[in-house]
Amino acid sequence: MNLELKKFGNVEEEVDLKNYNTYRIGGIAKYLVSPTSFPDLIDLIKYLKENNVEHIFIGNGSNIVLNDAYFEGVVINFKNLSAYEVHNDGTIYAEAGAPLPKVALASIDKSLKGLEFAVGIPGTLGGSIVGNAGAYNACLLDYVSEVTILNEQLEIKTLQHEEITYSYRTTMFKEKKNALILSAKIKLTPGDKHASLDIVNDRKRRRLETQPLEYPSAGSVFRNPEGDFAGRLIEVCGLKGYQIGGARVSDKHANFIINYEDATSQDIYKLIHYVHDEVLAKTNVDLKIEQEFIGWK
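Described below are features of the structure shown in this document. (Residues numbered from 1 in each chain as written. Predicted model: local features only at pLDDT ≥ 70, side-chain atom pairs only at ≥ 80, totals over all residues. Heavy atoms only, no water.)

**Details of the pattern of salt bridges**
Where charged atoms from two side chains of opposite charge come close, those side chains can pair. One pass over the structure, following the stated rule, counts 14 salt bridges. A salt bridge links Glu-12 to Lys-79, with the shortest nitrogen-to-oxygen separation between them at 3.5 Å. In this pair, Glu-12 sits in strand β1 (residues 10-16) while Lys-79 sits in the loop between β5 (71-77) and β6 (84-86), placing the two residues 67 residues apart along the sequence. The shortest N-O distance in the salt bridge between Arg-205 and Asp-202 comes to 2.7 Å. On the criterion of helical spacing, the pair formed by Arg-205 and Asp-202 is a turn pair, its members being three residues apart in helix α6 (residues 193-210). Several salt bridges converge on common partners, so that one network encompasses Asp-202, Arg-205, Arg-206 and Glu-209. (Salt bridge = Lys/Arg side-chain N within 4 Å of Asp/Glu carboxyl O. Helix = DSSP H or I, 4+ residues; strand = E, 2+ residues; numbered from the N terminus.)

**Section: the side chain of Ser-107**
Locating Ser-107 in the fold gives a position in helix α3 (residues 100-109). Beyond its immediate chain neighbours, meaning those up to four positions away, Ser-107 contacts Val-86, Ile-92, Leu-112, Leu-115 and Leu-188. (Contact = heavy atoms within 4.5 Å.)

**Comments concerning the nonpolar core**
With 33 residues, the main nonpolar core has Leu-115, Ile-129, Leu-140 and Val-147 as its most contacted residues. Taken together, the elements giving at least two residues each to this core come down to β7 (91-95), α3, α4 (125-130), β11 (144-151) and β15 (179-187). No other element matches the five residues that α3 contributes to this core. Leave out the neighbours within four places in its chain, and Leu-115 touches Ile-92, Val-103, Ala-104, Ser-107, Leu-140, Tyr-143, Ile-186 and Leu-188. Of all hydrophobic cores here, the second largest spans 24 residues; its members include Val-65, Ala-230, Ala-247 and Val-275. (Core = buried A, V, L, I, M, F, W, Y, C linked by side-chain atoms within 4.5 Å. Buried < 20%, exposed > 50% of the residue type's maximum accessible area, 1.4 Å probe, protein only.)

**Focus: the pairing of β5**
β5 sits mainly inside the fold: six of its seven residues count as buried. The sheet contact formed by strand β2 (residues 28-34) and β5 spans four bridges and is parallel. Residue pairing for β5: Val-33 is matched across the bridge by Ile-76. Pairing between strand β3 (residues 55-58) and β5: four bridges, direction parallel. Paired with Phe-57 across the strands is Ile-76, a residue of β5. (Pairing = 2+ DSSP bridges.)

**Regarding the sheet that holds β15**
Reading across from one edge, β6-β7-β15-β11-β12 is the order of the five strands in this open sheet, with antiparallel pairing throughout. Edge strands, defined here as strands with exactly one partner in the open sheet, are β6 and β12 (156-160). The average undirected angle you get between the axes of adjacent strands in this sheet is 20°. Here seven bridges tie β11 to β15, and the two strands are oriented antiparallel to one another. By the bridge assignment for β15, Val-144 is matched with Ile-186. (Axes fitted to C-alpha atoms, helices over the stretch in contact; angles between N-to-C directions.)

**Brief notes about the sheet that holds β5**
Strand order in this open sheet of four strands is β1-β2-β5-β3, and the pairing throughout is mixed. What marks the edges here is a single partner per strand, and that holds for β1 and β3. Geometrically, the sheet is characterised by an average inter-axis angle of 30° between neighbouring strands, direction not taken into account.

**A few points about the pairing of β2**
The buried count for β2 comes to five of seven residues, which makes it a mostly enclosed element. In this structure, β1 lies alongside β2, joined through six bridges in antiparallel fashion. Its bridge partner being in β2, Asn-10 is matched across the sheet by Ser-34.

**A closer look at the side chain of Asn-151**
For Asn-151, the position within the fold is in strand β11. Accessibility expressed as a relative area gives 15% for Asn-151, which makes it buried. From its side chain, Asn-151 meets the backbone nitrogen of Glu-155 in a polar contact 2.9 Å long. Not counting chain neighbours up to four residues away, the residues in contact with Asn-151 comprise Lys-157 and Asn-178. (Polar contact = N/O pair within 3.5 Å; in protein donor to acceptor, adjacent residues only side chain to side chain.)

Purely geometric stuff here, so don't read any function into it on its own.
Below you can see the structure in the form of structure tokens.
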């Protein structure tokens, strides 16, 4: 199959997926393909579907929990579909693989405001749109004017802002899982570059003080319930520092699970569900898991 796959992009074999996610967990994938154009991506997906080859998509791997098991199929990576352009009129065009922090910083450099919150979110544009990434009471979909998708029939469609359903940390794309984000347009307003950088630097300082950035993690594990904070609930349940294998609930921020010492995927998986069940039993709050499990049966 290797020769066939090479028609669609760069092909790597027996790839260690620990290098493709921020938890630094996961097993070996038989193939990883990085298409260099959208037509090649579509042809690749069509080929894999026609030949019943299992496949998964990975961007920056910043909000996912990969399985340790050997993956017999194809991992499709978006690192070569990452172009973006920031225009003086406040319009940004970006492909799905574009790193969100880079897009945000480029917008600030053009004296545009709105994406200051996104500088600290280590995801790609596509993944960030799917989960409606956000921070500091701001979210990405509020600034997205249109999204170009590939639907289940492998047709390219462009959706306008008003056609996209979204709310706190979720979207129609995450709930239905029937579309692949290809690119998006973002619309921002004029701002002050230095004022925006001051905001970014202040928030960076606060993140370093309050989040366990020195350890591999995938960011917040659970969505904040309305009117409360997941981290507070986990802490009052006495779970800060709780550990399963090499996975640990951060002592610095309870809504972070960290790869403390060579955690396995199973360690992370078990700890996430243990914390969920403990919080439910002790507070009657059913925390929603924000991270996505990929490669689990």
